[in-house]
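A look at the structure
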Amino acid sequence: MIRRLVSYIFLLSLFTMVFPAHADNLPKLYLYNWNNYISQDVVSQFEKECKCHVVQDYYSDNEEMLAKIASGAAGYDLIVPTGNAVESLIKQKELLPFDYSQLPNFHNIKPEFRGMWFDAKNQFSIPYAYTITLLGYNVEKMKALGIPTNTWAAIFEPKYLEKIKGKVTVLDSQRELMSAAMRYLGYSINDTDPEKWKRARNVILKAKPYWAAFNAGSYAKELSVGNIWLAHGYSGDMFTAQMEVAAKKPEAFHIEYSTPKEGAVLAVDNMVIHRTSKNPELAHRFVNFMLEGKNSAELTNLIGVGNPNTNAMRYIKPNLANNRTIFPAATELANLEMLKDLDRHHRRLLNRYWIQIKVN
């Protein structure tokens, strides 16, 4: 997603936070978020309404955030982790429970996004936004070459890849790439059977010679300028690439994106309050503010991510609200899976397979 397109900046030491000082004595809300994952206009509105400052720090993936928290970083009021990272933070007792008397807008959350597996009672987490890992592609090139764009076969089958060798990128992420291969083979992304992982690894190794790169940072830009024709990545990034191409007049080609029929990864990001928060009341006010439909809709309109807020739908641009890739139907949603946390043994095993993939 777009949150991974911009290099993150470490503003923290291992054990303490270092934030810029403000000249006034207004209260401050410390937000640890994915880069470019909130509308600055919404932040400014909240600061004006609550007479406070929102001080942001950024991370590029859940593992970075979890490592920072595990190292003792303190003082964050709110963090925006994905479901499997929420599960990990709950296990580590890093989160404060929400006081729902301060969250009257929680009723706006769609029923299908409540009580998810990582927090069955929404005691510690409130859904914020979601993305889908899918395929983005150059419409004209794929059509001319007869390459299907609704299946993971497009990035794994040599009979297709030989037509677009050097014009394909896949995410530089062991969980995401293995998940795509697992779904291509008909397995759950959370299946940890070593034999199935080996098969997925072999599928990846067979396709690897045809790929231009493992790319988790600049693939949307490469797609939008025509350097690559097919990319494995996040729905928000594909939306950005599509908008960049559409802004060029005349358009030399078009970008579309689709969810493979075999299924894909759904990443639901959530607002949580860290146990070291110095201002949990202000954190609740921010969460409730973000649960207002108009405020929630701003992120979708900005970067094309999915929205779990019912009331937001009336404020989302029609071209996005009617986009079935961003807002899949119930039957399509059922074909998506969320990544679950791995235990230490399976982490080591997956790391071993990943090293084999990268060095061979």
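Relevant structure appears above.
Values in this document were obtained by computation on a predicted structure and should not be read as measured data. Throughout, residues of each chain are indexed from 1 in the direction in which the sequence is written. Restriction of local features to residues with pLDDT of at least 70 applies here, the model being predicted, together with a cutoff of 80 or more for giving and counting side-chain atom pairs; totals for whole chains, interfaces and linings are based on all residues. Side-chain numbers here rest on the full set of heavy atoms in the structure, without hydrogens or water.

**Re the packing of aromatic side chains**
Working definition: rings of Phe, Tyr and Trp (its six-membered ring) pair if their centres are within 6.5 Å, and the pair is stacked with planes under 30 degrees apart, edge-to-face with planes over 60 apart, and tilted otherwise. For the structure shown, the criterion picks out 14 aromatic pairs. Both rings, one in Tyr32 and one in Tyr76, keep their centres 4.3 Å apart while their planes meet at 5 degrees; by these two values the pair is stacked. Linking Tyr32 in strand 1 (residues 28–34) with Tyr76 in the loop between helix 2 (62–70) and strand 3 (78–79), this pair joins segments that are 44 residues apart in sequence. Here Tyr32 falls in the buried class, since its relative accessible area comes to 1%. For each residue, the accessible area found with a 1.4 Å probe, counting protein chains only, is set against the maximum for its type, and the residue is called buried under 20%, exposed over 50%, and partly exposed in between. A relative accessible area of 0% places Tyr76 in the buried class. By definition, any uninterrupted DSSP run of H or I lasting at least four residues is a helix, any uninterrupted run of E lasting at least two residues is a strand, and each is numbered from the N terminus.

**Some remarks on helix 2**
What helix 2 keeps buried is the set Asn62, Glu64, Met65, Leu66, Lys68 and Ile69. Tucked into the core, helix 2 has its buried residues touching strand 1, strand 2 (53–59), strand 3, helix 3 (83–91) and strand 10 (264–274). In this structure Asp61 caps helix 2, since a side-chain oxygen of it lies 3.0 Å from the backbone nitrogen of Glu63. In the segment just after helix 2, Gly72 is the residue with positive phi, at about 110 degrees. When checking whether two residues touch, look at their non-hydrogen atoms; a contact exists if any pair is within 4.5 Å. Each polar contact in these results corresponds to two N or O atoms within 3.5 Å; when the atoms are within protein, one needs to be able to donate a hydrogen and the other to accept it, and residues that are neighboring in sequence are counted only if both atoms are side-chain atoms.

**Examining the nonpolar core**
Here, the term nonpolar core denotes a set of buried Ala, Val, Leu, Ile, Met, Phe, Trp, Tyr and Cys residues that are joined through side-chain atoms within 4.5 Å. With 113 residues, the main nonpolar core has Phe156 and Trp211 as its most contacted residues. Among the elements that line this core, the one with the most residues is strand 5 (residues 126–138), at 8 residues.

**Some remarks on unusual backbone geometry**
Here Lys249 and Pro250 are connected by a cis peptide whose omega angle stands at -5 degrees. Structurally, Pro250 is set in the loop between helix 10 (235–246) and strand 9 (255–258). The backbone of Asn122 sits at a positive phi, close to 50 degrees, despite the residue not being glycine. Considering the arrangement of structural elements, one finds Asn122 in the loop between strand 4 (95–96) and strand 5. Overall, Asn122 belongs to the buried group, its relative accessible area being 5%.

**Some points on the side chain of Arg183**
Along the chain, Arg183 falls in helix 7 (residues 174–184). Here Glu262 takes part through its backbone oxygen, which lies 2.7 Å from a polar atom of the side chain of Arg183. Residues contacting Arg183, with those up to four places away along its chain left out, are Trp152, Ile189, Glu262, Gly263, Ala264, Asn335 and Glu337.

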